[in-house]
Amino acid sequence: MLLLTLPGGAALAAALATQLQCSWSPLVVHRFPDGEQLVRIGCDVQGQRVVLVGSLHQPDAKVLSLLFAADAARELGALSVGLLCPYLAYMRQDMRFQPGDAISSKTFARVLSQAVDFLITVDPHLHRWHDLSQIYSIRTRVVPAAEAIAQWIRGHIESPVLVGPDSESRQWVEQVAALAQAPFFVLNKTRHGDRDVTLDAAPRLLLGSHTPVLVDDIISSGATVLAAGHALRAAGSRPPVCIGVHALFAPELQAALLQAGYTQVVTCDTVPHATNGISMAGPLAAALLEMNSG
Ligand code: R5P
């Protein structure tokens, strides 16, 4: 097996290569003055099971590199080409919200399915799609972050109550709560715009003397977790903790969350960020080993 890193994927590829005792090599991406790119594979892929490694946050800048590299690897004799992207982009656009909207998740899935043989990712935003197989025609494997998050909570928070900020989050929060053996509840969110959400009041009774631990899959603009923090504090909660799986984080958000009363902000390392404190390298390595032997 040979790991080829997509832009930004070097740290993850190095961690996986150590666990799997295989080699990795950075993909060379050269930008021409006109903005076009040249992708070069700097090692021999003949007869190798190649895996492209890297998260797909800021996807538009990375997807062409991925497509060019996948084709080049096959032309140069790779046995197979897989994709390990801990964050899978475009999953939230899963319906035509306004007349004329593109359902990007479907198109993105079709493009990736034509380029690679399999895909491994961590907790994709499955909301209206219930399974990746509804839109991806290749083999896919979802690695859940719940066990790693629950382990972090068990080791760091005394008497937690888990909080989901919206109905979509129930699937993750419920699972983490069961593994952490903690109670949980889910708030009700209404989204008015990209950076504008409102949440119903948090239930005082369920907070008790617990430390609220907010768990969401994606933290992007931060509107959701900021509103949740305010709702919890308004209900008289103890200072809350914030956990996200995918740290897409708008600039300055980490400071804003601490100012809003969160005592800790921790994320999984699916998207490189200063808040990364929960490693997914072990479960991802295991999934890769299993997928590549199938
Ligand atoms: C939405 O349904 C997701 O689960 C997240 O709650 C959402 O993407 C967070 O976005 P933001 O940080 O911009 O509120």
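Rules and cut-offs
- By convention here, each chain's residues receive numbers from 1 onward along its written sequence.
- Per-residue local features of the predicted model are confined to residues with pLDDT of at least 70, and side-chain atom pairs are confined, for both listing and counting, to 80 or more; whole-chain, interface and lining totals are unaffected and use all residues.
- Derived side-chain values reflect all non-hydrogen atoms in the structure, with water molecules and hydrogen atoms excluded from consideration.
- By definition, any uninterrupted DSSP run of H or I lasting at least four residues is a helix, any uninterrupted run of E lasting at least two residues is a strand, and each is numbered from the N terminus.
- Relative accessibility decides the category of a residue: with a 1.4 Å probe and only protein chains considered, values under 20% of the type maximum give buried, values over 50% give exposed, and everything between is partly exposed.
- Residue contacts follow a heavy-atom distance rule, with two residues in contact if any of their heavy atoms lie within 4.5 Å.
- The pairing criterion is simple: DSSP has to find at least two bridges between the two strands.
- Angles here are taken between N-to-C directions and fall from 0 to 180 degrees, while the axes themselves are lines fitted to C-alpha atoms, restricted in helices to the stretch in contact.
- Working rule for angles: under 35 degrees goes down as roughly parallel, over 145 as roughly antiparallel, 65 to 115 as roughly perpendicular, anything else as oblique.
- In this scheme the handedness of a crossing depends on how the near helix is turned from the far one: anticlockwise by less than a right angle means left-handed, clockwise means right-handed.
- Classification used: nonpolar for Ala, Val, Leu, Ile, Met, Phe, Trp, Tyr, Cys and Pro, charged for Asp, Glu, Lys and Arg, polar for all others including Gly.
- For every domain, the bounds stem from an assignment made automatically or drawn from a database.
- What gets called buried area is simply the loss in accessible area from a 1.4 Å probe that two parts show on being joined, summed for both.
- When we say a residue is near a molecule or strand, we mean one of its heavy atoms is within 4 Å of it.
- Between N or O atoms, a polar contact is any pair within 3.5 Å; within protein, one atom must be a potential hydrogen donor and the other a potential acceptor, and residues adjacent in sequence are included only when both atoms are from side chains.
- Only the protein chains shown count as cover for residues, and the accessible areas themselves come from Shrake-Rupley with a 1.4 Å probe.
- Definition used for salt bridges: Asp or Glu carboxyl oxygen within 4 Å of a side-chain nitrogen of Lys or Arg.

(A) How the structure looks around the environment of Asp 216. Position of Asp 216 relative to the elements: it lies in strand β12 (residues 211–219). For Asp 216, a relative accessible area of 5% puts it in the buried group. Separated by 30 residues in sequence, Asp 216 and His 246 place their C-alpha atoms 8.5 Å apart. Every residue in contact with Asp 216, bar those within four places of it in the chain, is listed here: Pro 165, Ser 169, Thr 224, Ile 243, Gly 244 and Val 245.

(B) Geometry of the sheet that holds strand β1 (residues 2–5). Taken in spatial order, the 7 strands of this open sheet run β3-β2-β1-β4-β5-β6-β7, and their pairing is mixed. Strand pairing shows two members of the sheet lacking a second neighbour, β3 (37–41) and β7 (139–143), which therefore form its edges. Going from strand to strand, the sheet's axes swing by 20 degrees on average, the running direction of each strand aside. Note that strand β4 (residues 49–53) and strand β5 (residues 80–84) share 5 bridges and pair parallel. Note on β5: the bridge partner recorded for Val 53 is Leu 84. Along the sheet, helix α2 (residues 63–75) contacts β2 (23–31), β3, β4 and β5; its crossing angle with β3, the most-contacted strand, is approximately 40 degrees.

(C) Representation of the packing of α2 against helix α3 (residues 104–115) in the model. Where α2 meets α3, the axes come as close as 9 Å, and the angle between the chain directions of the two elements is 25 degrees. As the angle between them shows, α2 and α3 are arranged roughly parallel. The two elements α2 and α3 cross, and the hand of that crossing is left-handed. Note on element contacts: α3 touches α2 through Phe 108, Val 111, Leu 112 and Ala 115, opposite Val 63, Leu 66, Leu 67, Ala 70 and Arg 74. Split into classes, the residues belonging to the contact of α2 with α3 amount to 8 nonpolar, no polar and 1 charged.

(D) Structural view of the domain arrangement of the protein chain. What the domain assignment reports for the protein chain is domain 1 (2–144 + 279–292) and domain 2 (146–269). Of note, the centres of domain 1 and domain 2, computed from C-alpha atoms alone, are 28 Å apart. With 13 residues of domain 1 at the contact, the number on the domain 2 side is 14 residues. Overall, the association of domain 1 and domain 2 removes approximately 1,200 Å² of surface from exposure, summing both partners, and the carbon and sulfur fraction of that is 58%. For the domain 1 face of the interface with domain 2, the top three residues by lost area are Tyr 87, Asp 123 and His 125, together amounting to 38%.

(E) Focus on the site of the ligand. Taken together, 15 residues are adjacent to the ligand, and Glu 168, Asp 216, Asp 217, Ser 221 and Thr 224 come closest. Between an oxygen atom of the ligand and a side-chain N or O atom of Arg 191, the distance comes to 3.0 Å. Between the ligand and Thr 224, the relevant distance is 2.6 Å, taken from an oxygen atom to a side-chain nitrogen or oxygen of the residue. In isolation the ligand offers 370 Å² of accessible surface; the protein chains occlude 95% of this area.

(F) Layout of the environment of Ala 78. The residue Ala 78 is located in the loop between α2 and β5 in this model. On the accessibility criterion, Ala 78 (11% relative accessible area) is buried. C-alpha of Ala 78 to C-alpha of Val 50: the two residues are 28 residues apart in sequence and 6.3 Å apart in space. When residues no more than four places from it in sequence are discounted, the contact partners of Ala 78 are Val 45, Gly 47, Gln 48, Val 50 and Ala 73.

(G) Examining the sheet that holds strand β14 (residues 264–268) more closely. Strand order across the open sheet formed by 6 strands is β9-β8-β12-β13-β14-β15, with parallel pairing between neighbours. What marks the edges here is a single partner per strand, and that holds for β9 (184–186) and β15 (276–278). For this sheet the average axis-to-axis angle between neighbouring strands, irrespective of direction, equals 35 degrees. For strand β13 (residues 241–247) and β14, the ladder comprises 4 bridges, and the chain directions are parallel. Along β14, the bridge assignment pairs Ile 243 with Val 266. Helix α4 (residues 146–156) contacts β8 (160–164), β12, β13, β14 and β15 of the sheet and is inclined by roughly 155 degrees relative to β13.

(H) Representation of the pattern of salt bridges within the structure. Counted by the stated rule, this structure contains 5 salt bridges. Between Glu 147 and Arg 154 there is a salt bridge, and its shortest N-O distance comes to 3.3 Å. Look at Glu 147 and you get partly exposed, because its relative accessible area is 38%.

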